[in-house]
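Geometric and topological summary
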Amino acid sequence: MGDITVSKLYFLSLMTLSYIVGELTHFLINTTSRDVARGVEFGEKSCFVNASFAHDEDKEIFECPESKNETHCETEKHCYWEYSGLGIQYQVLAGPAFILVFIFSAVFLAVLSDWLYDKLSRTIMLSVGTATFSTACLLMGLASSYWQLVILRMMIAAGLSVCRPVSGGLIAELFSASSRGVANGIFSWGVYYGYGLAFVFGIYITKADVLGYGWRAPYVLAALPGLVLAILLATTVKDPRQKDTEEKNQSSRDGRAYVRTLAKSFLSPSMLILLVAAFFRHTAGYCWAYNTRLFFQFYYPEFDIGLWTFCASVFGGSFGVFAGGFFSDRLVKSLGLPSRLWLLSACTIIAAPLAVGTLYFPPPGAFGCLILYYFFAETWFA
């Protein structure tokens, strides 16, 4: 399985496209939260400016966002009281409803992977996962209540949790060591393209009001490619795994040995430090990812962030992963394996003030900082 062939590139393309669609369904709620909240009616309400209200530009008028209650807001003719997309209900929908299911589903799948190895085709698992998050996304576009959204969001998490571990195992067997890094790098781009496309779909397709469906249209349109990919994964590619040996099967079924090995790996000092670092890194990352548009809608409502965020994610994130892998591989050759952590530490320190700059500077300066932040911060995945 050493050489790159057309069939392997086709297989990699299906996995990468599936991952892109999965991350698109994951982050679409971030870019449509205000429209979804107004359509389904959940979360907090705030006072907004009526854009159609004509007023004398020379006359100073009341700033609507300063109003803290409906009564005061509606006394101003140019203001109106409406759902903002903020509040604890949105945060639960975007964060815990997804993350908790994703974590437990991914761990459950990882622990059972050895037992499932000789019982179920991984391409079928990937197909089912893709079909699950795509169907859930489509149904979110038809939802009429908050709890329907929560349940469907959990389904997206369960489906997406299959993609990374299963695709990683398939890539490891499809590609030799000389080309595996490139294949993993291409696959990893899925999260950046998916996140960036969530802004394109959530902002521009919602504004286009396709067939009068408003915010519902991007959910339906985002789901359709995933359903096609699920069919292609199930029918056009096969699991490349080799025949198991008795030794492999025996070791897979030795549950006590598996648990001891797992515990030993997780309790090592280096792993614990990485886990703590990952905890803080992803806490901050998801807080930003789930509130990016809401942040700019609140502080810079007139600035169009769609293409800016897409470019920041695609170019900053994608090249950051590539650069991290490229330089860390070369450092390892001359300075040894610990140099990977040295590079990661250096890039994290550089990224920290850029993250502050993203919040401090007004756009487009904020997005200049964001592109550079992604470039350095995303070396984590390398």
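See above for the structure.
Residues numbered from 1 in each chain as written. Predicted model: local features only at pLDDT ≥ 70, side-chain atom pairs only at ≥ 80, totals over all residues. Heavy atoms only, no water.

Examining the overall build of the protein chain
Helices and strands together make up the secondary structure of the protein chain, namely 15 helices and 2 strands. Residues classed as buried in the protein chain amount to 43% of the 382 residues present. Residue pairs at least 24 apart in sequence account for 81% of intrachain contacts in the protein chain once pairs closer than 6 positions are excluded. Per element, the accessible surface of the protein chain, about 20,100 Å² overall, is 68% carbon and sulfur. (Helix = DSSP H or I, 4+ residues; strand = E, 2+ residues; numbered from the N terminus. Buried < 20%, exposed > 50% of the residue type's maximum accessible area, 1.4 Å probe, protein only. Contact = heavy atoms within 4.5 Å. Areas by Shrake-Rupley, 256 points an atom, 1.4 Å probe, with all protein chains shown as cover.)

Some thoughts on the state of the cysteines
As used here, a disulfide is simply a covalent bond connecting the sulfur atoms of two cysteines. Going through the model one piece at a time under the given rule, you end up with 2 disulfides. Disulfide pairing is shown between Cys 64 and Cys 79; the S-S distance is 1.9 Å. An S-S torsion of about -80° defines the bridge between Cys 64 and Cys 79 as left-handed. Here Cys 64 is found in the loop between β1 (45–49) and α2 (70–74), whereas its partner Cys 79 is found in strand β2 (residues 79–83), with 15 residues between them in sequence. In terms of burial, Cys 64 and Cys 79 fall into one category: buried. Taken N- to C-terminal, the disulfide-bonded cysteines of the protein chain are connected 1-3, 2-4. (Disulfide = S-S within 2.5 Å.)

Thoughts on the nonpolar core
Within soluble globular proteins, side chains that are nonpolar generally end up buried alongside one another. Counting 77 residues, the largest nonpolar core has Met 15, Ile 29, Val 36, Phe 42, Leu 149 and Tyr 219 as the members making the most contacts within it. Residues Cys 64, Cys 73, Cys 79 and Trp 81 belong to the second largest nonpolar core, which totals 5 residues. (Core = buried A, V, L, I, M, F, W, Y, C linked by side-chain atoms within 4.5 Å.)

With respect to the side chain of Glu 23
Secondary-structure assignment places Glu 23 in helix α1 (residues 6–40). Salt bridges are absent for the buried Glu 23, whose nearest opposite-charge side chain, Arg 164, sits at 7.6 Å. Polar side-chain contacts of Glu 23 include one of 3.0 Å to the side chain of His 26. (Lys, Arg positive; Asp, Glu negative; His and termini not counted. Salt bridge = Lys/Arg side-chain N within 4 Å of Asp/Glu carboxyl O. Polar contact = N/O pair within 3.5 Å; in protein donor to acceptor, adjacent residues only side chain to side chain.)

Here we look at the side chain of Thr 25
The residue Thr 25 is located in helix α1 in this model. Only 2.6 Å separates the side chain of Thr 25 from the backbone oxygen of Gly 22, close enough to count as a polar contact. The contact partners of Thr 25, leaving out residues within four places of it in the chain, are Phe 133, Cys 137, Arg 153 and Ile 156.

Description of the packing of aromatic side chains
On inspection of all chains with the given rule, the structure shows 26 aromatic pairs. The interplanar angle of 85° and the centroid separation of 5.3 Å between the aromatic rings of Phe 279 and Phe 280 together place this pair among those described as edge-to-face. Overall, the relative accessible area of 53% leaves Phe 279 in the exposed class. Between Phe 315 and Phe 319, the aromatic rings sit 6.4 Å apart at their centres with planes inclined by 10°, giving stacked as the arrangement. (Phe/Tyr/Trp six-rings, centres within 6.5 Å; stacked < 30°, edge-to-face > 60°.)

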